Amino acid sequence: MSSHPDESSKKLGMWLFLYTEIILFGGLFVLYAVYFSRYTLDFKEAGKELNRLLGLLNTVILLFSSFCVAAAVTAIQKKEKGRALAGLGAAILCGGAFLVNKYFEWSHKIEAGIYPNSEKLVAGSLDRICFSAFIISSPGCTASILLSG
Amino acid sequence: MEAVPSFFETPIPAKYKGIRSWLLTLDHKRIGIMYLFAVLFWFLVAVLLGGLIRLELMFIGETFLSAEMYNSVFTLHGVIMIFLFIIPALPAIFGNFFLPIQIGADDVFFPRLNLLSWYLYMAGGVIAIASLFSNGFPDTGWTFYVPFSISTRTNVSTAVFAAFVLGMASMLTGLNFITTIHRMRHKDMGWMQIPLFTWSLYATSWAQLLATPVVSITLVLVIIERYFNVGLLDPAKGGDPILYQHLFWMYSHPAVYIMILPGMGVISEIIPVFARKSIFRYKAIVGSSIAIAGSLVWAHHMYTSGMSNTAIFVFPLLTFVVAIPSAIKVFSWVSTLYKGSIQMTPPLFLSLCFIYLFSVGGLTGLVLGAAGPDIHVHDTHFVVAHFHFTMFGGTGFAFFAALHYWWPKMFGRMYDFKKAYIWAILLTGGFMFHYVPMFILGLQGMPRRYFDYLPQYEKGNFYAGFGAAFMIIGIFLMVGNLFSSLRKERNASSDPWGGTTLEWQTPSPPPLHNFITEPEIPSYPYDFSGVVERYSKDDKGE
């Protein structure tokens, strides 16, 4: 079989794949948008209970790990094995850090009584339950994708 | 030309022999044939399950299936037919085999990804079987509607996960096809020189990429709900079950285009070849294939679920607009036949059956697409008859037509025409006897998905059972007729029908790299002047 050294085709394929990933989470965004418009004030209130520092840290970790993987790919193209391995290693560390961070964030939430079917939520209003469902299940999906990756 | 060894004799990678030369192959043609056997297996299983449903319904009361068993059987029938047969059948078998050949390429762009898709497909099938042996197969129907799919005790999670994996396989195939069509087309082939089957696969692939991820995440939500009970779709916790239906149909309505478009592409290939006449309005067919209005009609499945008056106005309107591209195609096929010099063959016969059955399915779809009449026939046998006319009379018959059209190219052997006609007539006749009574039963008010019914529906159900029997016998004998040709010597010429697209420029079966010499790209893919000249010379004995 003839080899296909065609870089732009590989990029096209990769972009199409990324596109499907965006749409995948698009389903969750649709749900979020609907419930946000339905329970706007409560979503805002409930958002204040979350720890912003940990959330920010997570975003930075995820962005940095993307950078590491991208740098590793470039290093592979330049045939720099050491740097590529370093990039991938850093990305794996970032993945670990993400999970550790999530552990703290979630244990904080669980202590505060925010987890599916907790007594506090079941006793509280419907919209709070809905909000907590989001903050648990969306990163939950990310974490499971990360673990399976 | 015939002396070159075919892809059956030359495995790739060359070091593998025997079974490994298939299971580890990177050849798009071998992968297509592996799909053929897997898909046919599932299809025949689901046909027999459908037969069981019909047998149960032939007589009033419990005949031989309990109510729970009946629910599982129709769910299994639906899940297999949708996810393991109709969605992958045409793109994965014939798309894999013929898309690269039709654009003058030697393979798809990502051969390894192609093989991975096949394994994901097989894994999806195995997971679906696995769900049978733990807590019973789900009894939700293939739509997995909440709240029932969350509360039922049967093993919905595994079945839903199977659908998720199969969706992954379908997305990767779509991704592969789009890249291949963009980047590997022969340098002389412009966009308006691409054969219509490949065009239809291009449009299908985009629909796969656009829509499949939405259903994937929706199915993941069902699993999350089942295990963690978070309440996103549970009204007792502030969620909304109707949102599930919206998300589900946002995928599953475009999915009917994933199912039907490649079928339409097949018919657009077959009709001009046997009419010896250029396809009527090539560009209109291309344009109507890539019309994306089909993504905007999902809520017409939900008129009885409750929605705003604006939505009740907009969705029927859009639904009626979406009927136009299909009507354009039917019109083009019939106009292509008009004043053509028609040569009757089994693929053409099945294509004509397709046009008739699909038109009935399409027109009854308008009854359902209009919100008023839909309230009356929603969730009745009318709906079941409608989508079997479009999906089975449409895609199913296009699949049979494609099998008969490309069989000599894939295996190098011609089947028995006479038997093919007899079984096709038995199949089509049985089809009508089976589904027409269901339209009437539906209008009379018989609900779908019930294992029993009131006495006034007895007669229609009894007669429909005979139609189903003829149909099932016809299917098995037709497939048997094709396979019995494999015992013969290879006898098919490179162009047994007089086709003009590139697959007819290469030997049957094709060699490893598809073409022996550089293919000649016709300036227009459906110019039959050369074919007509060649055949008239043959007739005069020159």
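Residues numbered from 1 in each chain as written. Chains lettered and ligands numbered in written order. Predicted model: local features only at pLDDT ≥ 70, side-chain atom pairs only at ≥ 80, totals over all residues.

Colleague: So what's going on with the overall build of chain A? Residues and values would help.
Modeller: Helices and strands together make up the secondary structure of chain A, namely six helices and zero strands. In sequence order, chain A lays out its α and β elements as α-α-α-α-α-α. The contacts of chain A with a sequence gap of at least 6 include a subset with a gap of at least 24, amounting to 58%. (Helix = DSSP H or I, 4+ residues; strand = E, 2+ residues; numbered from the N terminus. Contact = placed C-beta atoms within 7 Å.)

Colleague: So what about the overall build of chain B? Which residues, and what values?
Modeller: The number of helices and strands found in chain B is 16 helices and zero strands. Taken over the C-alpha atoms alone, chain B extends approximately 75 × 50 × 45 Å along its principal axes. Looking at chain B residue by residue over its 542 residues, the buried ones come to 54%. Pairs at least 24 residues apart make up 83% of the contacts formed inside chain B by residues separated by at least 6 positions. (Buried ≥ 20, exposed ≤ 12 C-beta atoms within 10 Å, placed from the backbone.)

Colleague: Which residues make up the nonpolar core, and what values go with them?
Modeller: Residues and elements named next belong to chain B. In terms of nonpolar packing, the biggest core is built from 165 residues, with Ala401 and Ala402 touching the most fellow members. With 21 residues, helix H8 (residues 241-275) is the single largest residue contributor to this core. Excluding residues within four positions of it along the chain, alanine 401 makes contact with Val266, Ile267, Ile270, Pro347, Leu350, Ser351 and Phe354. (Core = buried A, V, L, I, M, F, W, Y, C linked by C-beta atoms within 7 Å.)

Colleague: How would you summarise unusual backbone geometry if you had to cite specific residues and measurements?
Modeller: Residue and element names in this part refer to chain B. The peptide bond linking valine 146 to proline 147 adopts the cis configuration, its omega dihedral lying at 0°. Along the chain, the position of proline 147 falls in the loop between helix H4 (111-130) and helix H5 (148-151). Residue proline 509 is reached from serine 508 by a cis peptide bond, and omega for that bond is -10°. Looking at the secondary structure, you find proline 509 in the loop between helix H15 (458-484) and helix H16 (529-540). Even without being a glycine, arginine 276 presents a positive backbone phi close to 50°. Arginine 276 gets classed as partly exposed once you count the C-beta atoms within 10 Å, which come to 16. Although it is not a glycine, lysine 339 sits at a positive phi angle of roughly 60°. Secondary-structure assignment places lysine 339 in the loop between helix H10 (309-337) and helix H11 (346-369).

Colleague: Before we move on, can you summarise H10(B) with the specific residues and values?
Modeller: A turn of α-helix holds 3.6 residues, and therefore any two residues three or four places apart point the same way. Residue and element names in this part refer to chain B. Its 29 residues place the ends of H10 44 Å apart at the C-alpha level, agreeing with the 42 Å of an ideal helix rising 1.5 Å per residue. Of the residues making up H10, those classed as buried are Phe315, Pro316, Thr319, Val322, Pro325, Ser326, Lys329, Ser332, Trp333 and Thr336. As for H10, its buried residues are in contact with H8, helix H9 (282-289), H11 and helix H12 (371-377). Looking one or two residues past H10, lysine 339 carries a phi angle of roughly 60°, positive in sign. (Expected span 1.5 Å × (residues − 1).)

Colleague: Summarise the packing of helix H3 (residues 67-102) of chain B against helix H6 (residues 156-183) of chain B; cite the residues concerned and give the values.
Modeller: Residue and element names in this part refer to chain B. Orientation of H3 relative to H6, taken along the N-to-C sense of each, is 20°, at an axis distance of 11 Å. One element, H3, and the other, H6, form an angle in the roughly parallel class. The crossing of H3 and H6 is left-handed. From H3, Val79, Phe83, Leu84, Ile87, Pro88, Pro91, Ala92, Gly95, Leu99 and Pro100 reach across to H6, where they touch Ala159, Ala163, Leu166, Ser170, Thr173, Phe177 and Thr180. (Axes fitted to C-alpha atoms, helices over the stretch in contact; angles between N-to-C directions. Parallel < 35°, antiparallel > 145°, perpendicular 65-115°, else oblique. Left-handed = near helix turned anticlockwise from the far one by under 90°.)

Colleague: Which residues make up H15(B), and what values go with them?
Modeller: Residues and elements named next belong to chain B. Given a rise of 1.5 Å per residue, 27 residues ought to cover 39 Å, and the 39 Å separating the end C-alpha atoms of H15 matches this to within 8%. Every buried residue of H15 is accounted for by Gly460, Asn461, Ala464, Gly467, Ala468, Met471, Ile472, Gly474, Ile475, Met478, Asn481 and Leu482. Next to the buried residues of H15 lie helix H2 (28-58), helix H13 (381-411) and helix H14 (417-444).

Colleague: Can you break down the environment of Val321(B) residue by residue, with the values?
Modeller: Residues and elements named next belong to chain B. Its place among the elements puts valine 321 in helix H10. Residue classification places valine 321 among the partly exposed positions, given that 14 C-beta atoms sit within 10 Å. Along the sequence, valine 321 and glycine 263 sit 58 residues apart, while their C-alpha atoms lie 21 Å from each other.

Colleague: Before we move on, could you go through the packing of helix H7 (residues 196-228) of chain B against H9(B) and cite the residues and values that matter?
Modeller: All names here are of chain B. With their axes 9 Å apart at the nearest point, H7 and H9 run at an angle of 20° to one another. As far as their axial angle goes, H9 and H7 are roughly parallel. Read as a crossing pair, H7 and H9 show a hand that is right-handed. Contacts from Leu196, Trp199, Ser200 and Ala203 in H7 reach Ile285, Val286 and Ser289 in H9. Class assignment of the residues belonging to the contact of H7 with H9 gives a composition of five nonpolar, two polar and no charged. (Nonpolar A, V, L, I, M, F, W, Y, C, P; charged D, E, K, R; others polar.)

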